[in-house]
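# A structural walkthrough
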Amino acid sequence: MSKTSAGEARGNLAEQGHLVDMEQFLAGEQGRAPAAGDELCRLLEAGKILYFRESPFALSGGDTDVLLRQRLSQAGWHKNIAYRPRQDRVTGFDAAHADAKRLHAALRNYSRQSLAYTAGLLPAYGACWRLDYASFRPLEEQGRQLRLHARNDLIHVDSFPKRPTHGDRILRIFMNINPAAERHWITGEPFDVLAAELGADFARLFLRSPRASLWKRAARIVGFNHRGSAYDDAMRGIHQLMKENSEFQANCRQHHSHFPPGSAWLVFTDAVPHAVVSGQYALEQTVIVPRSAMFSPEKSPAAVLERIAAARPAKAA
């Protein structure tokens, strides 16, 4: 039996531009087909966002209440409250205003529930992904004061300088637990589409060596090897240069998404340029999906960068 291609899927009513309405998808013929999970993987790899109007892994009222009362640590290096599933540990919260045990339980519940549901929805990924952090974002994003490269309201692709992926993919599972307000996102064209449209300008604009982060410079001083890769260095540079480029921020093709209270969404944030315009109280769980698990490997950022490198003229000896 032949598998449905991502191109054919674009005719499905569940797919509306950059979003896939999962309520319609799962209720339709494709959602009931044996290869439904494979088709969703292809859609994610094509730069789509899988959108649930109501989260399929909703938290209990008690867990939500605990999270809505949290405050971020006053330590300046914490952008969010983080849960590390492999260590079963929470960091980044204000211990003076938190019930640490209840906060830990709430974040662990979200992490486990979102992972269990997504592994069932996308079994080809769930069978081989690596667990990364979950996080809670308790602050309002609109008007948030952060240094340029840490800002969430500027369009960027994700790269983890302390946790290099070596070309594997960053899949993130989000949920808006704000009881009253939406989370407003802007997304750009997927990485492979953007690179193709810009042509040689893509390399000129975004493929310059990034300035080493303060953490990386300190690591070098003490002799710590962060075990990065040329790919991760390139993606970190793209992350930074997108944020620095005001012309790109203003003129790139943009899609607006408004995620209401109680909704959830999944997206490859290493390939979908995105920014958060406004919103408070969001949860997120990250998994790292091996590049070898891709259904459309040519669309991965690593493959795009390899094609650009191969097309460049060799330097004179």
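Residues numbered from 1 in each chain as written. Predicted model: local features only at pLDDT ≥ 70, side-chain atom pairs only at ≥ 80, totals over all residues. Heavy atoms only, no water.

## Thoughts on the pairing of strand 8 (residues 183–187)
For strand 8, the buried fraction is high: 5 of the 5 residues fall into the buried class. With 5 bridges connecting them, strand 8 and strand 9 (residues 255–259) associate as antiparallel partners. Among the inter-strand pairings, Ile186 is bridged to a residue of strand 9, identified as His256. Pairing between strand 8 and strand 11 (residues 274–278): 4 bridges, direction antiparallel. Paired with His184 across the bridge in strand 11 is Ser278. (Buried < 20%, exposed > 50% of the residue type's maximum accessible area, 1.4 Å probe, protein only. Helix = DSSP H or I, 4+ residues; strand = E, 2+ residues; numbered from the N terminus. Pairing = 2+ DSSP bridges.)

## Side note on empty space enclosed by the protein
Tallied over the full model, the rule gives 1 cavity of 30 Å³ or more. Quantified by volume, the largest cavity comes out at close to 30 Å³. As for the largest cavity, its lining consists of Asp158, Ser159, Phe160, Thr165, Asp168, Ile170, Tyr231, Asp232, Met235 and Asp270. For the lining of the largest cavity, the element with the highest residue contribution is helix 11 (residues 230–244), accounting for 3 residues. Considered class by class, the residues forming the lining of the largest cavity number 4 nonpolar, 2 polar and 4 charged. (1 Å grid on protein atoms, 1.4 Å probe; cavity = no way out; pocket = protein on both sides within 12 Å on 5 of 7 lines; lining within 4 Å. Points joined across faces, edges and corners; volume = space filled by probe spheres on them. Nonpolar A, V, L, I, M, F, W, Y, C, P; charged D, E, K, R; others polar.)

## Topic: the layout of surface pockets
There is about 240 Å³ of room inside the second largest pocket. Every residue lining the second largest pocket is counted, 13 residues in all, and those nearest its centre are Leu194, Leu198, Phe248, Asn251 and Cys252. Put simply, the parts of the chain that give the lining of the second largest pocket at least two residues each are helix 8 (191–198) and helix 12 (246–251). Class assignment of the residues belonging to the lining of the second largest pocket gives a composition of 6 nonpolar, 3 polar and 4 charged.

## Structural notes on helix 5 (residues 61–68)
Within helix 5, the full set of buried residues consists of Asp63, Thr64, Val66 and Leu67. Looking straight down helix 5, one finds its buried side chains confined to an arc of 160°; they lie on one side. Looking at the packing, one finds that the buried side of helix 5 touches helix 6 (100–121), strand 6 (130–137) and strand 12 (282–289). (Arc of directions from axis to C-beta. Contact = heavy atoms within 4.5 Å.)

## Considerations on the pattern of salt bridges
Counted by the stated rule, this structure contains 19 salt bridges. Bridged by salt links that share partners, the residues Arg137, Asp158, Arg172 and Glu284 form one connected network. (Salt bridge = Lys/Arg side-chain N within 4 Å of Asp/Glu carboxyl O.)

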